[in-house]
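Residue strings, one per chain:
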Amino acid sequence: MTLIKHFEMKLHDILSLLLVFSVLAVGNLQAQTLTKSQMEFLTPQYTGERFDDGRPKVADDVLQRMKKVTIEEAWGVLRNEGYHNQFESGWQPLHDDVPVIGRALTVQYMPNRPDVSDQIKKKGKADGRIGNTNSWPIDMLVEGDVYVADAFGKIVNGTLIGDNLGNSIYAKSKNGVVFNASSRDMEGLSEIEGFNAFVRGWDPSFLTEVMLLSINTPIRMGAATVLPGDIVLAKKEGVMFIPAHLAEKVVVTSEVVRLRDLFGITRLKEGKYTPGQIDNKWTEEIEKDFSQWLRNHIDELPVPKEQVKELLEKRMW
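Each residue is numbered by its place in its chain's sequence as written, counting from 1. Per-residue local features of the predicted model are confined to residues with pLDDT of at least 70, and side-chain atom pairs are confined, for both listing and counting, to 80 or more; whole-chain, interface and lining totals are unaffected and use all residues. By convention in this description, side-chain values take in all heavy atoms of the structure and omit both hydrogens and water.

Here a helix means four or more residues in a row that DSSP labels H or I, a strand means two or more in a row labelled E, and each is numbered from the N terminus. Looking only at helices and strands, the protein has twelve helices and twelve strands in total. By the burial criterion, 48% of the 317 residues in the protein qualify as buried. We call two residues in contact when some of their heavy atoms are within 4.5 Å. Relative to all contacts within the protein whose residues are 6 or more apart in sequence, the contacts with residues 24 or more apart total 72%. As displayed, the protein has an accessible area near 16,400 Å², and 54% of this comes from carbon and sulfur atoms. Note on exposure labels: buried denotes an accessible area under 20% of the residue type's maximum, exposed denotes more than 50%, and partly exposed covers the range between, all computed with a 1.4 Å probe on protein chains only. Here the open area of atoms and residues is found with the Shrake-Rupley method and a 1.4 Å probe, where only the protein chains shown may cover a residue.

Moving on to the layout of surface pockets. Think of a ball as big as a water molecule: rolled over the atoms, this probe shows where empty space is left. Estimates place the volume of the largest pocket at around 400 Å³. Here a cavity is any set of points on a 1 Å grid over the protein atoms alone where a 1.4 Å probe fits but cannot get out, and a pocket is any open set with protein on both sides within 12 Å along at least 5 of 7 lines; a residue lines the site when it has an atom within 4 Å of a point. Taken together, 24 residues form the lining of the largest pocket, with Asn132, Thr133, Asn134, Leu207 and Thr208 sitting closest to its centre. Elements with a contribution of two residues or more to the lining of the largest pocket: helix H5 (114–126), helix H7 (163–173) and strand S8 (210–215). Within the lining of the largest pocket, the residues separate by chemical class into ten nonpolar, nine polar and five charged. Grid points are joined across faces, edges and corners, and a volume is the space filled by probe spheres set on the points. What the second largest pocket holds in volume is close to 290 Å³. What lines the second largest pocket is a set of 13 residues, and nearest its centre among them are Gln64, Lys67, Ile101, Gly144 and Asn175. Secondary-structure elements contributing two or more residues to the lining of the second largest pocket are helix H3 (60–66) and strand S3 (100–111). Partitioned by chemical class, the residues of the lining of the second largest pocket number three nonpolar, five polar and five charged. Classification used: nonpolar for Ala, Val, Leu, Ile, Met, Phe, Trp, Tyr, Cys and Pro, charged for Asp, Glu, Lys and Arg, polar for all others including Gly.

For this document, the term salt bridge refers to a Lys or Arg side-chain nitrogen within 4 Å of an Asp or Glu carboxyl oxygen. Tallying each qualifying case throughout the model produces 16 salt bridges. The salt bridge partner of Lys123 is Asp127, with a shortest N-O separation of 3.0 Å. A relative accessible area of 38% places Asp127 in the partly exposed class. Arg184 serves as the salt-bridge partner of Asp185, at 3.4 Å between the closest nitrogen and oxygen. Looking at Arg184, the relative accessible area reads 17%, which means it is buried.

Below, the discussion takes up the packing of helix H9 (residues 247–270) against helix H11 (residues 284–296). Closest axis-to-axis distance for the H9/H11 pair is 11 Å, and the angle between their directions is 105 degrees. The angle between H9 and H11 falls in the class roughly perpendicular. For the pair formed by H9 and H11, the contact residues are Leu259, Arg260, Leu262, Phe263, Thr266 and Arg267 on the first element and Ile286, Glu287, Asp289, Phe290, Trp293 and Leu294 on the second. For the contact of H9 with H11, the residue count by class is seven nonpolar, one polar and four charged. Axis lines are fitted to C-alpha atoms, over the contacting stretch for helices. Their N-to-C directions set the angle, which ranges from 0 to 180 degrees. Throughout, the term roughly parallel applies to angles under 35 degrees, roughly antiparallel to angles over 145, roughly perpendicular to angles from 65 to 115, and oblique to all others.

Let us now look at helix H4 (residues 71–80). Turning to H4, its buried residues are Ile71, Glu73, Ala74, Val77 and Leu78. Axial view of H4: buried residues confined to an arc of 165 degrees, hence all on one face. Check the buried side of H4 and you find it contacts strand S1 (87–88), strand S11 (231–235), strand S12 (238–242) and H9. Within this analysis, the arc is defined by the directions that extend from the helix axis to the C-beta atoms.

Let us now look at the nonpolar core. By size, the foremost hydrophobic cluster in this structure holds 26 residues, and its most contacted members are Tyr109, Tyr147, Phe179 and Phe195. Elements with a contribution of two residues or more to this core: S3, helix H6 (136–140), strand S4 (145–159), strand S5 (177–183), strand S6 (197–199) and S8. Here, nonpolar core means buried Ala, Val, Leu, Ile, Met, Phe, Trp, Tyr and Cys residues that are tied together by side-chain atoms lying within 4.5 Å of each other. One finds Tyr46, Leu63, Ala74 and Ile231 within the second-largest nonpolar core, a separate group that totals 20 residues.

The next point concerns the UniProt feature "binding site: substrate" (unreviewed entry) in the protein. Here the UniProt feature "binding site: substrate" (unreviewed entry) sits at Gly162, Asp163, Asn164, Leu165 and Arg184. Across 23 residues in sequence, these annotated residues keep their C-alpha atoms within 10.4 Å of one another, forming a single compact spot. For the largest pocket, the lining residues drawn from the annotated set are Gly162, Asp163, Asn164, Leu165 and Arg184. With respect to the secondary-structure elements, Asn164 resides in helix H7. UniProt positions are given in the numbering used here, feature names are shortened, and annotations may be inferred rather than shown by experiment.

Mapped onto the present numbering, the UniProt feature "binding site: Mg(2+)" (unreviewed entry) falls on Asp185. Checked against the element boundaries, Asp185 lands in the loop between S5 and helix H8 (186–189). The class of Asp185 is partly exposed, set by a relative accessible area of 28%. Sequence-distant contacts of Asp185, that is, excluding residues within four places in its chain, are made with Gly162 and Asp163. Here a polar contact is recorded for every N or O atom pair within 3.5 Å, except that within protein the pair must consist of a potential hydrogen donor and a potential acceptor, and residues adjacent in sequence are included only if both atoms are side-chain atoms. Only 3.4 Å separates the side chain of Asp185 from the side chain of Arg184, close enough to count as a polar contact.

So this is what it looks like as structure tokens:
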């Protein structure tokens, strides 16, 4: 490699980093969020519907089907696609048995710094925002959203919501929250049917010395990088943050695995095949049997009929 070529590559890397930083910086000046073009810049592989601000709007049908996806299935798909930093564990959920699935509305909180905090509040007031800053993201929620916030893992005086805000969140989103922080009023929140909160801890204190920095910008949730519009898959094991452009692939892969497992178990119980045949790569004869089995049981399968028809048409395995 020539010295000039090496210099050109280094210059390209530097310019690319400057572009990303400028995107985030300019976005934060505009009511602490990204513009539509900046949102599209950060999510170029997503080609589906978007909200007015550019945030990916993965279809409701995909969200509904995502409820049956396991953490392990989603992890496997993302890992095969080269995404190794989309899972985070170590939560203290309000309920162990209430999954949270939806589109991420991301929020970044930081330790309070008066000069910055005052400017953000001043800008928010000029933009027509009302109430405390931790209520601003709630005002933006729509059905299917998940309020995802990084507040640097603060527990004492890091309680982003209590039961009042929790009720407002569920009324708007019909969903729960994922906080790298704490919450208060566990007893009151537990009475909201269908609501769940994945948090780092529970504490009776109030939120103090925390400032809102940005809404709908990239954030870090422990070991995971989260973008606005990512699909949250929160279950007892932990939370997967699925890039919007991979959400449907995760769902379809899960459905194929589910159907093949059901077929395999059924045929093993019938004694038609041996465990060695089912646990190894299937022969063409077994594949044909599987396809015919899908057609014969299409009204009884744990996957919507239209999806089974599509799987058969495209042979998505």
